[in-house]
Amino acid sequence: MGQSKMAWQPEENGLRQILQLLKESQSPDTATQRNVQQKLEELNKYPDFNNYLIFVLTKLTTEDEPTRSLSGLILKNNVKAHFEKFPPEVTSFIKAECLSSIGNPSPLIRATIGILITTIVAKGELRNWSELLPTLCNCLDSEDYNVCEGAFGALQKICEDTAEDLDNDSSRPLNVLIPKFLQFFKHNSAKIRSHAIACVNQFIISRTQALMVHIDSFIENLFFLATDEDTEVRKNVCRALVMLVEVRMDRLIPHINSIIEYMMLRTQDDDDSVALEACEFWLSLAEQPICKEVLQPHIERLIPILVKGMRYSEIDIILLKGDVEEDEMIPDKESDIKPRFHKSRSHTQKHQEGDEDGEGSDDGFDDDDNLSDWNLRKCSAAALDVLANVFREEILPTLLPILKETLFHANWEVKESGILVLGAIAEGCMNGMIPHLPELTPYLIGCLSDKKALVRSITCWTLSRYAHWVVGQPHEMYLKPLMTELLKRVLDANKRVQEAACSAFATLEEEACTELVPYLGFILETLVYAFSKYQHKNLLILYDAIGTLADSVGHHLNKPEYVNMLMPPLIQKWNILKDEDKDLFPLLECLSSVATALQSGFLPYCEPVYQRCVNLVEQTLNQNFRNLTSFPQANINQPDQYDPPDKDFMIVALDLLSGLAEGLEHHIEGLVASSNILKLLFQCMQVDCHLCPLDPMPEVRQSSFALLGDLTKACFQHVKPCIVDFMPILGSNLNPEFISVCNNATWAIGEISIKMGSDMQPYISMVLAPLIEIINRPNTPKTLLENTAITIGRLGLVCPQEVAPTLHQFIRQWCTSLRNIRDNEEKDSAFRGVCHMINVNPGGVVQDFIFFCDAIASWSQPKADLKEMFFKILHGFKNQVGEDNWTKFSDQFPQPLRERLAMHYNV
């Protein structure tokens, strides 16, 4: 392939080669495909190879359109991979060809050129392609429809992909583009109208200034398009209004009644995709403070529309294989299994897994997994759920008659949607539903054995939404029959029902906790039997149900007959799974809960489990280290060149080790002694800070600090020699930007200080200042505040001389953080610490003494010697200021506080 000095022209031979290649690449044969890949790599060495590709796309009308389009797509991939290496003349040629062919008569070729332009722009070329936007903008005014549509197609892709760059561009292109787009809202071609709105829609959420100045004419134009015949246009109008609710509600208010009317109409649109876009409006509106006020006049008409939207459509039922009742023997396709995300341990003072970072639980509108794409049914259900939370019982007079009609309907699809409605309103309308539950609950328990699998599965979910109420009633009435039927469904012949029942049962376990103890034998029999019955996907959910059971009943699980039922199948799975199998995650999580619950009952199983966890951590660290030494730059410059280790294995293994340490306590001592876990822990704490610039995973540190705290409690003799290495790392992780990491580091420092006693002294300066900063930060989550306060108290307990001088910097926050937690060991040690500090530095508490009094009063039963400390401090203060001043001071106390202190401490 040569390059002549005049305008570039392809050579016959080169062109033939490329056309041959394009033909071959359409072959279904994998060997041919591989061959094509290899040839493409070779051809990329010739600078003008890309000229040939653009030539075929834009000029070679003798070839068919799919082949030409393919040429453009190969060029697009080259631009993505090698654009920086293109010679300047090739780049200019490609850009010029794109712009001159934007109006190609073929829609396929135009669309391909649009994609190519966007890919070039995505390479940061908006700055280096000054003629692009003006040219496209001029093309919009062309008399030739193809030119106008081609330019708009390209502009829409550019707006979608680089909205932010356009907004930040110093030449302010949007000041020209947005008013221009608005002119086309009334164009006679639906496709162009649709492009125009889609372009503007990209700038709503970011509140782009260039759009905000035209907001009123934008809204006016949207209203003009409200009745458009074209579905794409209607969809884009709905999308715009949904976003405007979030961004410019003020501008919608004057028209809100007609907008609501319009959206009710569109939520019933014949086209499902339009209905879905419109239905999103109710979700957005529900988040607005003004929602109740503006929706009140319409709610009676809206509710039936949403209920109707909750029915399965015919296409849903086909996709869900709703007519297949028994499929338990059919193995799962791997593609059906969603990736699971492990939730790392977070230490709160009560040792629960905190939901600090706000991941909510699955709201059940995702029950149709192979339809996991959002659809009208799910959106309508979610909308009813949020609106029930806004209107509460007020919507029941409208809903109850509808429920009566749907729940008992002969047609199963209608009945199924009624059961979904009942579940969707559970949270918002709970109080109003209570009088109806004694009648509804037995009816629903009956529906668990409906002949339609889709009815059985939705009933599982709906009943789980009322689990809290069920558990609060006498067991004989609802809990026992519900449990019996739900456990039958756990063994259902339909996989979807198994899954729904297992999830619902896990919810019931969380609500009932130790109330389940009398039924443990029966529950375990069922769950263990399910092991032999379940296919791959539901097995993962079964692990979760077993782990939740262990969390809920705790040490009650530690009976020989339960251990003998539960452990063999878990250990059998444990032995089958290979170290690199992702199914280890849910199994390790499950075993972690089981180990914590069984305590000494886990001893016979702990050695192989402990050993494997240590190996998993070590393997991941080694692989990480190998990557860093063999590809020191690869992971930064060419992340696709090497395979990063899957740190999830390490995280889950660390968490299981935590569960073992917490459950086995001092029994773990021998295992720790004979392994290198502390050395590995030291490496884990550093793994994701500076070593891996690409993939800093705070969860590794989070789990490392949790394990360090648990080992400190279980076998400090092995941790102590390493404290000098661990403390600086803990100190440097007191960064509230990573809430859970900071939380666990804080907790571990507190546990270490209790064990170290006065030997903690050299480390105080390392950790005290950041802890004081955290306790004084606004908006710190409650758990972190409580952990921080307890740790500061514990540091003061072991080193009062060092901590007491800073008392005035934290005492007020300290008292308000700890007044709300229950009496427990941690609170006890923290308060002793503060008493020691007050004895060393009484002046530090004077300004905030009322807060300290309030914190003392939050104890229901302090130990006798702690109570004595409180007594001495209160009376010391009273004697110091004199009777009169004390009376003036205590007159400011709220009545209950004054009475408590007088009664318990005689002041």
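Residues numbered from 1 in each chain as written. Predicted model: local features only at pLDDT ≥ 70, side-chain atom pairs only at ≥ 80, totals over all residues. Heavy atoms only, no water.

### Regarding the overall build of the chain
In terms of helices and strands, the chain carries 51 helices and 0 strands. For the chain, the spread of C-alpha atoms along the principal axes amounts to about 100 × 70 × 65 Å. Counting over 907 residues, the chain shows a buried share of 57%. The contacts of the chain with a sequence gap of at least 6 include a subset with a gap of at least 24, amounting to 75%. Summing over all exposed atoms, the chain offers an accessible surface of approximately 39,500 Å²; the carbon and sulfur share of this is 52%. In the chain, 82 side chains carry a positive charge and 124 a negative one; their mean positions are 1 Å apart. (Helix = DSSP H or I, 4+ residues; strand = E, 2+ residues; numbered from the N terminus. Buried < 20%, exposed > 50% of the residue type's maximum accessible area, 1.4 Å probe, protein only. Contact = heavy atoms within 4.5 Å. Areas by Shrake-Rupley, 256 points an atom, 1.4 Å probe, with all protein chains shown as cover. Lys, Arg positive; Asp, Glu negative; His and termini not counted. Charge placed at Lys NZ, Arg CZ, Asp CG, Glu CD.)

### Here we look at the environment of Lys 582
By the element assignment, Lys 582 lies in the loop between helix H31 (560–576) and helix H32 (584–598). On a C-alpha basis, the gap between Lys 582 and Asp 646 in space is 9.6 Å, while along the polypeptide they are 64 residues apart. The contact partners of Lys 582, leaving out residues within four places of it in the chain, are Asp 646 and Phe 649.

### Some thoughts on helix H51 (residues 895–905)
Among all positions of H51, only Leu 897, Leu 901 and Tyr 905 are buried. Along the long axis of H51, the arc covered by the buried residues comes to 30°, so they all point the same way. Seen from the buried face of H51, the exposed residues on the opposite side, beyond 90 degrees, are Pro 896 and Met 903. If you follow the buried residues of H51, they end up packed against helix H48 (849–857) and helix H49 (864–881). Looking one or two residues past H51, Asn 906 carries a phi angle of roughly 60°, positive in sign. (Arc of directions from axis to C-beta.)

### Observations regarding the environment of Gln 801
Considering the arrangement of structural elements, one finds Gln 801 in helix H44 (residues 800–803). Along the sequence, Gln 801 and Asn 839 sit 38 residues apart, while their C-alpha atoms lie 9.9 Å from each other.

### A closer look at the packing of helix H46 (residues 825–840) against H48
Axis separation between H46 and H48 bottoms out at 12 Å; the angle between their running directions is 145°. Between H46 and H48 lies a crossing of left-handed hand. Listed contacts from H48 to Phe 831, Val 834, Cys 835 and Ile 838 of H46 are Phe 852, Ala 855 and Ile 856. Split into classes, the residues belonging to the contact of H46 with H48 amount to 7 nonpolar, no polar and no charged. (Axes fitted to C-alpha atoms, helices over the stretch in contact; angles between N-to-C directions. Left-handed = near helix turned anticlockwise from the far one by under 90°. Nonpolar A, V, L, I, M, F, W, Y, C, P; charged D, E, K, R; others polar.)

### Side note on the side chain of Asp 848
On the secondary structure map, Asp 848 appears in the loop between helix H47 (843–846) and H48. For Asp 848, a relative accessible area of 8% puts it in the buried group. When neighbours within four sequence positions are excluded, Asp 848 is seen to be in contact with Ile 811 and Arg 812.

### Here's the deal with a negative patch on the surface
Residues Glu 510, Glu 511, Asp 544 and Asp 551 make up a contiguous surface patch of negative charge. Among the secondary structure elements, those contributing two or more residues to the negative patch are helix H28 (495–512) and helix H30 (536–553). With respect to the helices and strands, Asp 551 occurs in helix H30. (Patch = residues over 30% accessible without salt bridge, like charges linked within 9 Å, V, L, I, M, F, W, Y side chains within 5 Å. Salt bridge = Lys/Arg side-chain N within 4 Å of Asp/Glu carboxyl O.)

### Topic: the nonpolar core
One finds Phe 218, Trp 282, Phe 602, Leu 660, Met 760 and Trp 814 to be the most contacted residues of the largest nonpolar core, which totals 320 residues. The contacts of Trp 282, once residues within four sequence positions are left out, are Ile 260, Met 263, Met 264, Thr 267, Leu 295, Leu 302, Leu 306, Ala 383, Val 386 and Leu 387. (Core = buried A, V, L, I, M, F, W, Y, C linked by side-chain atoms within 4.5 Å.)

### With respect to unusual backbone geometry
Even without glycine at this site, Arg 392 takes up a positive phi of about 55°. The residue Arg 392 is located in the loop between helix H20 (376–391) and helix H21 (396–407) in this model. In the Ramachandran plot, Asn 906 falls in the positive-phi region, its phi being about 60° despite a non-glycine side chain. Structurally, Asn 906 can be placed in the segment after H51. Residue Asn 906 is classed as exposed on the basis of its relative accessible area of 56%.

### Regarding the pattern of salt bridges
Under the criterion given, the structure shown has 39 salt bridges. Note that Lys 292 is salt-bridged to Glu 394, the shortest N-O span being 2.7 Å. Taken as a pair, Lys 292 in helix H17 (residues 291–295) and Glu 394 in the loop between H20 and H21 lie far apart in primary sequence, 102 residues in all. The exposure class of Lys 292 is partly exposed, given its relative accessible area of 30%. Its relative accessible area of 42% is what places Glu 394 among the partly exposed residues.

### A look at the confidence of the model for the chain
Per-residue confidence for the chain gives a mean pLDDT of 90; residues scoring 70 or more make up 93%. Scored below 50 in pLDDT, residues 1–5 makes 14 contacts in the model with residues more than four places away or belonging to other chains. Low pLDDT, under 50, characterises residues 349–364; the stretch is placed with 28 contacts to residues that sit more than four places away or in other chains. (pLDDT = per-residue confidence, 0-100.)

### Considerations on helix H3 (residues 49–58)
Within H3, 10 of the 10 residues are buried, which leaves it mostly tucked inside the rest of the structure. Residues of H3 that are buried: Phe 49, Asn 50, Asn 51, Tyr 52, Leu 53, Ile 54, Phe 55, Val 56, Leu 57 and Thr 58.

### With respect to the state of the cysteines
Using the criterion set out here, one finds 0 disulfides in the structure. A disulfide-free cysteine, Cys 98 has its sulfur positioned 12 Å from the sulfur of Cys 139, the nearest such atom. (Disulfide = S-S within 2.5 Å.)

### Notes on the side chain of Ser 817
With respect to the helices and strands, the residue Ser 817 is situated in helix H45 (residues 807–818). Take Ser 817: its relative accessible area is 8%, and that puts it in the buried class.

### Focus on the packing of helix H42 (residues 764–775) against helix H43 (residues 782–798)
Where H42 meets H43, the closest approach of the two axes is 10 Å, and the angle between their N-to-C directions is 145°. Remark: the crossing between H42 and H43 carries left-handed chirality. Across the interface between the two elements, Ile 764, Val 767, Leu 771, Ile 772, Ile 774 and Ile 775 from H42 touch Leu 784, Leu 785, Thr 788, Ala 789, Thr 791, Ile 792 and Leu 795 from H43.

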